Amino acid sequence: MQILVFPERKSLSLHAAKMFAAQIEAVPESVLGLATGSTPLGLYQELALQHREGLNLSGVTTFNLDEYVGIDPDHEASFNQFMKTNLFQHVNIPAAQTDIPRGHAGDLAAECSRYEQAIRNAGGIDLQLLGIGHNGHIGFNEPNTPFETVTHVVTLAAKTRVANARYFGAEPSQVPEKAISAGIKTIMQAKKIILLAAGEDKAETVAAAVEGPVTTSLPASVLQLHPQVWFLLDTDAAGKLSSNNPDLLRA
Ligand code: GLP
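The structure reproduced in this document is the subject of the present report. (Residues numbered from 1 in each chain as written. Predicted model: local features only at pLDDT ≥ 70, side-chain atom pairs only at ≥ 80, totals over all residues. Heavy atoms only, no water.)

Attention shifts here to the side chain of Asn164. Residue position: Asn164 is located in the loop between helix 5 (158-163) and strand 8 (178-181). Note on Asn164: relative accessible area 11%, which makes it buried. (Helix = DSSP H or I, 4+ residues; strand = E, 2+ residues; numbered from the N terminus. Buried < 20%, exposed > 50% of the residue type's maximum accessible area, 1.4 Å probe, protein only.)

Our next topic: the packing of aromatic side chains. All told, the structure shown has five aromatic pairs when counted by the stated rule. Ring geometry for Tyr68 versus Phe79: centroids 4.8 Å apart, planes at 40°, classification tilted. One end of the pair, Tyr68, is in strand 4 (residues 66-68); the other, Phe79, is in helix 3 (residues 79-86), and eleven residues separate them in sequence. Residue classification places Tyr68 among the buried residues on the basis of a relative accessible area of 0%. You can call Phe79 buried: its relative accessible area is 6%. (Phe/Tyr/Trp six-rings, centres within 6.5 Å; stacked < 30°, edge-to-face > 60°.)

What follows concerns the sheet that holds strand 2 (residues 31-34). Reading across from one edge, 5-3-2-6-9-10-1-11 is the order of the eight strands in this open sheet, with parallel pairing throughout. Every interior strand has two partners, whereas the edge strands, strand 5 (98-99) and strand 11 (248-250), have only one. Direction of pairing for strand 1 (residues 2-6) relative to strand 11: parallel, over a ladder of three bridges. Its bridge partner lying in strand 11, Ile3 is registered against Leu248. (Pairing = 2+ DSSP bridges.)

In the vicinity of the ligand lie 13 residues, with Ser38, Thr39, Asp66, His137 and Lys202 positioned nearest. A distance of 3.3 Å separates an oxygen atom of the ligand from a polar backbone atom of Ile132. Applying the majority rule of atoms within 2 Å of the grid points places the ligand in the largest pocket. The residue makeup of the shell around the ligand, split by class, is two nonpolar, eight polar and three charged. (Near = heavy atom within 4 Å. Polar contact = N/O pair within 3.5 Å; in protein donor to acceptor, adjacent residues only side chain to side chain. 1 Å grid on protein atoms, 1.4 Å probe; cavity = no way out; pocket = protein on both sides within 12 Å on 5 of 7 lines; lining within 4 Å. Sits in = over half its atoms within 2 Å of the grid points. Nonpolar A, V, L, I, M, F, W, Y, C, P; charged D, E, K, R; others polar.)

Before going further, it helps to spend a moment on helix 3. Residues of helix 3 that are buried include every one of Phe79, Asn80, Gln81, Phe82 and Met83, and no others. At its buried positions, helix 3 is contacted by strand 2, helix 2 (41-52), strand 3 (61-64) and strand 4. (Contact = heavy atoms within 4.5 Å.)

Attention shifts here to helix 4 (residues 108-121). Working note: α-helix, 3.6 residues per turn, so residues spaced by three or four point in the same direction. With 14 residues, helix 4 should reach 20 Å at 1.5 Å per residue; the first-to-last C-alpha distance of 20 Å fits that figure. As for helix 4, its buried residues are in contact with strand 3, strand 5, strand 7 (152-155), strand 8 and helix 6 (184-188). Near the N-terminus of helix 4, the side chain that reaches the backbone nitrogen of Ala109, with its oxygen 3.3 Å away, is that of Asp107. Gly123 occupies a position one or two residues after helix 4 and carries a positive phi of about 100°. (Expected span 1.5 Å × (residues − 1).)

Here the largest pocket is characterised by a volume of approximately 500 Å³. Lining the largest pocket we find 27 residues, and of these Gly37, Ile132, Gly133, Arg166 and Lys202 sit closest to its centre. Element by element, the count of residues in the lining of the largest pocket is highest for helix 5, at three residues. Classifying every residue of the lining of the largest pocket by side-chain character gives nine nonpolar, twelve polar and six charged. The volume enclosed by the second largest pocket comes to roughly 230 Å³. Asn80, Lys84, Ala95, Thr98 and Ile100 are, among the 15 residues lining the second largest pocket, the residues nearest its centre. At the level of elements, helix 3 and strand 5 are the ones that each hand at least two residues to the lining of the second largest pocket. Residues that form the lining of the second largest pocket fall into these classes: seven nonpolar, four polar and four charged. (Points joined across faces, edges and corners; volume = space filled by probe spheres on them.)

The next subject is the pairing of strand 1. Burial runs high along strand 1: four of the five residues are buried. When strand 1 meets strand 10 (residues 229-234), the two strands line up parallel, connected through five bridges. Note that in strand 10 the partner of Gln2 across the bridge is Trp230.

So, about the pattern of salt bridges. Under the criterion given, the structure shown has six salt bridges. Note that Arg114 and Asp99 form a salt bridge whose closest N and O atoms lie 3.0 Å from each other. Here Arg114, found in helix 4, pairs with Asp99, found in strand 5; they are 15 residues apart in sequence, far enough to count as distant. Judged by its relative accessible area of 24%, Arg114 falls in the partly exposed class. The shortest N-O distance in the salt bridge between Arg114 and Glu111 comes to 2.8 Å. Here Arg114 pairs with Glu111, and both are found in helix 4, just three residues apart, close to one helical turn. (Salt bridge = Lys/Arg side-chain N within 4 Å of Asp/Glu carboxyl O.)

Here it is as structure tokens:
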């Protein structure tokens, strides 16, 4: 594990974009795992900028971590819409090479199998982007999800629905109760993983994920077992790490 700490969000996003651009330049047909949430927005803006300056993403295939169950892909709070607005409209990844779980599917179990298989058929994920929830969730894998889980239907924790209410008119009851999420095993099978976290409100969760025990009660702690993982943090999110953590580098 490598932990890189940046003075602010901007430099964290720039560094993450450099890592993604390096991956795409080295392997133009890269398979990328993408995430939603506010944390990756700066990275997506920077990738859009790099695309305008010549970065070619036409060979890239993408898989998103998750989508709400029961909302239309055109719903303004869907992750489908989020990805279009914040990344896909601004780069040249062909739409047929972007995949997001179909939360509106009639047969959700079949959709989970399709999604997992689609990732395998694409050759697996080369570089997976993650954020982290306040309860340590990755994707929408809430606490106590078994580490062996592949793409599955999840019931969102009350805390997660409150955190995501900002996309649903600030009303937690409007946030869908369920989602489809790539599983912990799906995530752990990615060749490389970059987790982004910013803000003081994530500091305790980040410290527990990195320095605490590996436990299903804090899903992100499983990343300690991955051979190629980078935590990119701003100073605030790194605020509760012990200063003598041997994996920690300040940028
Ligand atoms: C949602 C997403 C996660 C994301 C988390 C954190 O729950 N499913 O993938 O990591 O939000 O979001 P934010 O970056 O806005 O704090």
